[in-house]
Amino acid sequence: MRCPNCMKFVSLDFAEPELDGDPEVSEDGEVTCQVRLVRTCGECGQDLKEATLDLAGAPEGFSAGEHRGEGHALGVEAGDVEQVEEGGGRYKKSYYGASVSYDVTCSCSTEPVASGALSDKVAASAMEELV
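Definitions and limits used
Residues numbered from 1 in each chain as written. Predicted model: local features only at pLDDT ≥ 70, side-chain atom pairs only at ≥ 80, totals over all residues. Heavy atoms only, no water. Salt bridge = Lys/Arg side-chain N within 4 Å of Asp/Glu carboxyl O. Helix = DSSP H or I, 4+ residues; strand = E, 2+ residues; numbered from the N terminus. Buried < 20%, exposed > 50% of the residue type's maximum accessible area, 1.4 Å probe, protein only. Contact = heavy atoms within 4.5 Å.

Colleague: What is the right way to read the pattern of salt bridges from this model?
Modeller: In a structure, side chains of opposite charge can pair up when their charged atoms sit close to one another. Summed over all chains, the structure comprises five salt bridges. We note a salt bridge from Asp47 to Arg36, for which the minimum N-O separation is 3.6 Å. Taken together, the residues Asp47 in strand E6 (residues 47-57) and Arg36 in strand E5 (residues 31-41) connect sequence positions 11 residues apart. Overall, Asp47 belongs to the partly exposed group, its relative accessible area being 30%.

Colleague: What is the right way to read the environment of Gly57 from this model?
Modeller: Along the chain, the position of Gly57 falls in strand E6. For Gly57, a relative accessible area of 16% puts it in the buried group. Sequence separation of Gly57 and His67 is 10 residues, and the distance between their C-alpha atoms is 18 Å. Sequence-distant contacts of Gly57, defined by excluding residues within four places in its chain, comprise Gly29, Glu30, Val31, Tyr102 and Leu118.

As structure tokens, this is what we get:
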């Protein structure tokens, strides 16, 4: 890919995934969030490609029925956002993605009531070019 800043063909680096806003949790315990993936110029750092992942899922074994009604309000706290990079090499597809860990909290408890992780990936060729 050619960088408009450097005016030459450059390698692309995979920047740290960015969490877009705060994660949300529904009354049923499903956690949702968005993560932005960016590939940058290896020379100057300009954003050249991006993709947005919509992550959703419920913690394994979590029953939201115990945390409904008066005195209960579910919340979610994001943990680490980690890069996921798979494939690559000669004649193989490359995939880039993210994994987000989280804790589900309830106003009835001082400790998290459930924990989990959401992850997804996208093919490098499917990322949108920004220039």
